[in-house]
Amino acid sequence: QVQLVESGGGSVQTGGSLRLSCAASGYTYNSACMGWFRQAPGNEREGVAVIDSDGGTLYADAVKGRFTISKDNALYLQMNSLKPEDTAMYYCAAVWLGVRCHVATLHTSQYNYWGQGTQVTVSS
């Protein structure tokens, strides 16, 4: 069973920073595509940043230049210059099908494992 556990969310003021972490277990970490997605109340879940098994990254336009996805022993999302519109529940996601994933996309349908989410709230 694959398990993903997020941490690092919280409440910050506009312009502040947060670093989200995702601990993964139950699969071969370096074979997976992984990413961060967010969902605000009333909205669909949207891709924020993703990373493939080779370290290639892709970001949503809304966060380019402000957020950075990375991985070592866990998956991270460094969020700088936060804005109120970044307020959402942030989810860690992974796709692991027993083969290496070389192309990560921002589409939720690609991912078959999800964490429970961590809340990020940015006040104006």
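Above this note sits the structure.
Undergrad: In this structure, what is going on with the pattern of salt bridges? I would like to understand it.
TA: In a structure, side chains of opposite charge can pair up when their charged atoms sit close to one another. Counted according to the given criterion, the structure contains four salt bridges. In this structure, Arg38 engages Glu46 in a salt bridge whose closest nitrogen and oxygen atoms are separated by 2.9 Å. In this structure Arg38 comes out as buried when scored by relative accessible area, which is 7%. On the basis of relative accessibility, which here comes to 39%, the residue Glu46 falls in the partly exposed class. A salt bridge links Asp61 to Lys64; the shortest N-O distance between them is 2.9 Å. A cluster of three or more residues bridged by salt bridges with shared partners is formed by Arg38, Glu46, Arg66 and Asp86.

Undergrad: How do you make sense of the state of the cysteines when you look at a structure like this?
TA: Such a bond, covalent and formed between the sulfur atoms of two cysteines, is termed a disulfide. Applying the stated criterion across every chain yields a total of two disulfides. With a sulfur-sulfur separation of 2.0 Å, Cys22 is cross-linked through a disulfide to Cys92. Measuring handedness by torsion sign, the sulfur bridge of Cys22 and Cys92 sits at about -75° and is left-handed. Of the two residues, Cys22 sits in strand 3 (residues 18–25) while Cys92 sits in strand 9 (residues 88–95), which places them 70 residues apart along the sequence.

Undergrad: Where do I start with the pairing of strand 8 (residues 75–79) in this structure?
TA: Put simply, side chains in a regular strand alternate between the two faces of the sheet. Within strand 8, four of the five residues are buried, which leaves it mostly tucked inside the rest of the structure. Relative to strand 8, strand 3 runs antiparallel, the two being bridged by five bridges. Its bridge partner being in strand 8, Ser21 is matched across the sheet by Tyr76. Pairing of strand 7 (residues 67–71) with strand 8 involves five bridges; the strand directions are antiparallel. Opposite Ser70, over in strand 8, you have Tyr76 as the bridge partner. Hairpin connection between strand 7 and strand 8: a loop of three residues separates the two successive antiparallel strands.

Conventions we followed
- Residues numbered from 1 in each chain as written.
- Predicted model: local features only at pLDDT ≥ 70, side-chain atom pairs only at ≥ 80, totals over all residues.
- Heavy atoms only, no water.
- Salt bridge = Lys/Arg side-chain N within 4 Å of Asp/Glu carboxyl O.
- Buried < 20%, exposed > 50% of the residue type's maximum accessible area, 1.4 Å probe, protein only.
- Disulfide = S-S within 2.5 Å.
- Helix = DSSP H or I, 4+ residues; strand = E, 2+ residues; numbered from the N terminus.
- Pairing = 2+ DSSP bridges.

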